[in-house]
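# Descriptive structure summary
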Amino acid sequence: MLFLGGSAIIGDMEKAITRFAPSPTGYIHIGNVRSAIYPYLVARQTGGKMVLRIEDTDRERYVDGATELIEDTLKWLGLDWDEGPIVGGEHGPYFQSERLDIYHTWVRKLLDSGRAYADPTSPEKIDEYRRECNLKKVPFLYRNFRPENPPKWEAGMPIRLKAEPCEYKWHDAVMGDMRTGPEMCDDIILIKRDGYPTYNFAHIVDDAEMGVTHVMRGVEYLSSTPNYLALYDAFGLKRPVLVSLPHILAPTGNKKLGKRDGAKSVTEYRDDGILAEAMLNYLACLGWNDGTEQEIYTKEELIEKFSIDRIQASGARYDETKLLWMNGQWIRKIFDEQGAHALYERTVGFWPEVAGDYSEEYRIKVLAIVYDRLKTLADLRDMTGYFFKDPQVDVDMVVGNKFLKKMSEAEIEDLLKKSVGKLMGVQEWTADKLQEVLNELLTETAKKPAELFSLIRLAVSFAPFSPALNLTLEVLGREVALARLNAVAEAI
Ligand code: GLU
């Protein structure tokens, strides 16, 4: 039993060595990136190390460029690693395909001690055994068909563990105390026919060589743990802390979120205008909380507050609305704490094309009045077009507006003309002054704010939403605002 309860964990976790060990089979999607975030937080919290290891021994599933995607994702989220591709380290190489000698050296020890054997059985024969079990309705356990006098190993032959069926007990830091019977122990393959190791074998060797203290990975590996324990024992290795991370569930139903259910690549969210801080915050808190009501965490706060014992054992549901809410919070947080310029730097590539003709100074002014309505940075594209290009005049939109419906077209035209007249007199075109003048205009025309302001707002923007009217007018500038009001008055 390793530990129970929070305080014990800190002691146990002194200088944790953790790892993220993805297979380069495609992009990293949000369903599996917590297997990178949590090990990172534990390594940083304890002043330990985070290793990035690329598990590329399944040559059939290997996808070119996937490693770069993985690196890109981690970098974007701010999850730097201490050992692994790019940065190197004393336990490399960090691609399993470059470590074949190491696996062969390790498996040799098991062959020599009689804990592994070369298996000459043909795949056809194995299928026959499997069918036999199916017919008898008994579980297929390879150890029941183990060859009696295994030959000396030759290239092309798989190497299997010689299981010693027994009961296993272990503690999983998230799932609790576990126990399995002998039926879970089998002669698993360690080295495949192609000479590559299986995941089951390679990760044990690598974790041991790399000094990994905490194995944090998806819960799908929980049922194979007895075989891993058999290998730790066969090599006389100390068991690492085992941490099974529950699935992230699809938005509906009880299925885990997978690529087939539309789980997007993490970096696709970046392209959709999600901030890295928000993504990290959201994913870290998907199935973990620190026991308080806090929802917004910086990376530093997560490092400080994260604890394995508060990871929830049941699946956590992916909820895009929550992610968007959190992103909005982060957009405001960056603006409020770091200033307009800091947020502006994140918005490159998210403006409508026409914004390119305007100065950075002008775009920052626009940002400063719209930022608190943004859910994603990409909202800028739809929400700010009228700051950069005269909108298409749409008379129907004006006369059909719910606040203006009661007025005749002549009344609307008259109100617009009065507004133009009044605004033309404004010398000091500032938000404060404009507010004063708009208030006077309200009294003079005896209109309700909803009527007068909706009309002016529509006429200058033709957008469903805009920031406060005085701010919008200030940023648009005197000339543009008046010209647009006139254009609408003429069109009516
Ligand atoms: N290569 C495995 C995967 O991508 C990693 C499992 C582990 O973290 O040990 O699922």
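Up top is the structure.
Conventions we followed
- Residues numbered from 1 in each chain as written.
- Predicted model: local features only at pLDDT ≥ 70, side-chain atom pairs only at ≥ 80, totals over all residues.
- Heavy atoms only, no water.
- Helix = DSSP H or I, 4+ residues; strand = E, 2+ residues; numbered from the N terminus.
- Rg over C-alpha atoms; globule rule 2.2 N^0.38 Å.
- Buried < 20%, exposed > 50% of the residue type's maximum accessible area, 1.4 Å probe, protein only.
- Pairing = 2+ DSSP bridges.
- Right-handed = clockwise from strand over helix to strand, strands pointing away.
- Axes fitted to C-alpha atoms, helices over the stretch in contact; angles between N-to-C directions.
- Parallel < 35°, antiparallel > 145°, perpendicular 65-115°, else oblique.
- Contact = heavy atoms within 4.5 Å.
- Nonpolar A, V, L, I, M, F, W, Y, C, P; charged D, E, K, R; others polar.
- Polar contact = N/O pair within 3.5 Å; in protein donor to acceptor, adjacent residues only side chain to side chain.
- Near = heavy atom within 4 Å.
- Areas by Shrake-Rupley, 256 points an atom, 1.4 Å probe, with all protein chains shown as cover.
- Salt bridge = Lys/Arg side-chain N within 4 Å of Asp/Glu carboxyl O.
- Phe/Tyr/Trp six-rings, centres within 6.5 Å; stacked < 30°, edge-to-face > 60°.
- Lys NZ or Arg CZ within 6 Å of the ring centre and 35° of its normal.
- Expected span 1.5 Å × (residues − 1).

### Some words on the overall build of the protein chain
- Helix and strand counts for the protein chain stand at 20 helices and eleven strands.
- Computed over the C-alpha atoms, the radius of gyration of the protein chain is 32 Å, more than 25% above the 23 Å expected from 2.2 N^0.38 for a compact globule of 492 residues.
- If one aligns the C-alpha atoms of the protein chain with their principal axes, the spans along those axes are about 105 × 50 × 35 Å.
- When burial is assessed residue by residue, the protein chain has 50% of its 492 residues classed as buried.

### Concerning the pairing of strand E9 (residues 241-245)
- Here E9 lies mainly inside the structure; five of its five residues are buried.
- Bridging between strand E8 (residues 214-218) and E9 involves five bridges; their strand directions are parallel. Considered in E9, the bridge of His214 is made with Val241.
- With helix H7 (residues 225-235) bridging E8 and the parallel E9, this β-α-β connection has right-handed handedness.

### A word on the packing of helix H18 (residues 449-461) against helix H20 (residues 478-491)
- Relative orientation of the contacting elements H18 and H20 amounts to 100 degrees, with a least axis distance of 8 Å. Taken together, the axes of H18 and H20 are roughly perpendicular relative to one another. Contacts between H18 and H20 involve Ile456, Ala459 and Val460 from the former and Ala481, Arg484, Leu485 and Val488 from the latter.
- Residue composition of the contact of H18 with H20, by class: six nonpolar, no polar and one charged.

### A look at the side chain of Thr384
- Residue position: Thr384 is located in the loop between helix H14 (379-383) and helix H15 (395-399).
- Among the polar contacts made by the side chain of Thr384, one reaches the main-chain carbonyl oxygen of Leu380 at a distance of 2.7 Å.
- Look past the residues within four positions of Thr384 in its chain and what remains in contact with it is Trp351, Pro352, Val366 and Val370.

### Structural notes on the site of the ligand
- In the region of the ligand, the neighbouring residues are Arg19, Ala21, Pro22, Ser23, Glu55, Tyr199, Arg217 and Tyr221.
- With respect to the ligand, the side chain of Ser23 contributes an N or O atom lying 2.8 Å from a nitrogen atom.
- Coverage of the ligand by the protein amounts to 80% of the 300 Å² it exposes when considered alone.

### Quick word on the pattern of salt bridges
- Inspection of every chain in the model, using the stated rule, returns 31 salt bridges.
- Its salt-bridge partner being Asp112, residue Arg108 comes within 3.7 Å of it at the nearest N-O pair. Linking Arg108 with Asp112, this pair stays in helix H4 (residues 100-113), spanning four residues, or about one helical turn.
- With a closest N to O distance of 2.8 Å, Asp272 and Lys264 form a salt bridge.
- Each of Arg19, Arg53, Glu55, Arg99, Asp206, Asp207 and Glu209 takes part in salt bridges that share partners, so that together they form one network.

### Comments concerning the packing of H4 against helix H6 (residues 199-209)
- At a minimum axis distance of 10 Å, the contact between H4 and H6 shows a crossing angle of 100 degrees. When the axis of H4 is compared with that of H6, the two are roughly perpendicular. Contact residues: Ile102, Tyr103, Trp106, Val107 and Leu110 in H4; Phe201, Ala202, Val205, Asp206, Ala208 and Glu209 in H6.

### A short note on unusual backbone geometry
- Residue Pro93 is reached from Gly92 by a cis peptide bond, and omega for that bond is -5 degrees.
- Structurally, the position occupied by Pro93 is in the loop between helix H3 (66-77) and H4.
- In this structure, Lys15 takes a positive phi of about 45 degrees despite not being glycine.
- Within the secondary structure, Lys15 sits in the loop between helix H1 (6-12) and strand E1 (17-20).
- A positive phi angle is found at Ala446, which is not glycine, with a value near 55 degrees.

### Here's the deal with the sheet that holds strand E4 (residues 159-161)
- In spatial order, the strands read E3-E4-E7; together these three strands make up an open sheet with antiparallel pairing. Here the strands that pair on one side only, and so sit at the sheet edges, are strand E3 (116-118) and strand E7 (189-191). Strand-to-strand twist across the sheet, computed as the mean angle between neighbouring axes with direction ignored, equals 35 degrees.
- Examined bridge by bridge, E4 and E7 share two bridges and lie antiparallel to one another. Its bridge partner being in E7, Ile159 is matched across the sheet by Ile191.

### Some words on the side chain of Thr347
- By the secondary structure assignment, Thr347 is in the loop between helix H12 (340-346) and helix H13 (360-370).
- Take Thr347: its relative accessible area is 0%, and that puts it in the buried class.
- Discounting chain neighbours no more than four positions away, the residues touching Thr347 are Leu367, Leu377 and Leu380.

### A closer look at the packing of aromatic side chains
- Taken as a whole, this structure holds 18 aromatic pairs when the rule is applied.
- Linked through ring pairs, Tyr344, Trp351, Tyr358, Tyr362 and Phe388 together constitute an aromatic cluster.
- Against the face of Trp330 rests Lys333, its NZ or CZ located 5.4 Å from the ring centre.

### A few points about the pairing of E1
- Where burial is concerned, the two faces of E1 agree: the one with Ile17 and Arg19 and the one with Thr18 and Phe20 are both buried.
- Pairing of E1 with strand E2 (residues 49-52), which is carried by four bridges, proceeds in the parallel orientation. Note on E2: the bridge partner recorded for Arg19 is Val51.
- In this region the chain leaves E1, passes through helix H2 (residues 34-45) and returns to the parallel neighbour E2; the handedness of that crossover is right-handed.

### Looking at H18
- Between its first and last C-alpha, H18 extends 17 Å over 13 residues, near the 18 Å set by a 1.5 Å rise per residue.
- In terms of residue burial, H18 counts as a mostly covered element, since ten of its 13 residues are buried.
- Listed in full, the buried residues belonging to H18 are Glu451, Leu452, Phe453, Ser454, Leu455, Ile456, Leu458, Ala459, Val460 and Ser461.
- As for H18, its buried residues are in contact with H15, helix H16 (409-424), helix H17 (431-445), helix H19 (469-476) and H20.

### Brief notes about H19
- Counting buried positions over the eight residues of H19 gives six, a clear majority of the element.
- For H19, every residue scored as buried is listed here: Leu469, Asn470, Thr472, Leu473, Val475 and Leu476.
- Contacts from the buried residues of H19 go to H13, H17, H18 and H20.
- Just beyond H19, the residue with positive phi is Gly477, at close to 95 degrees.

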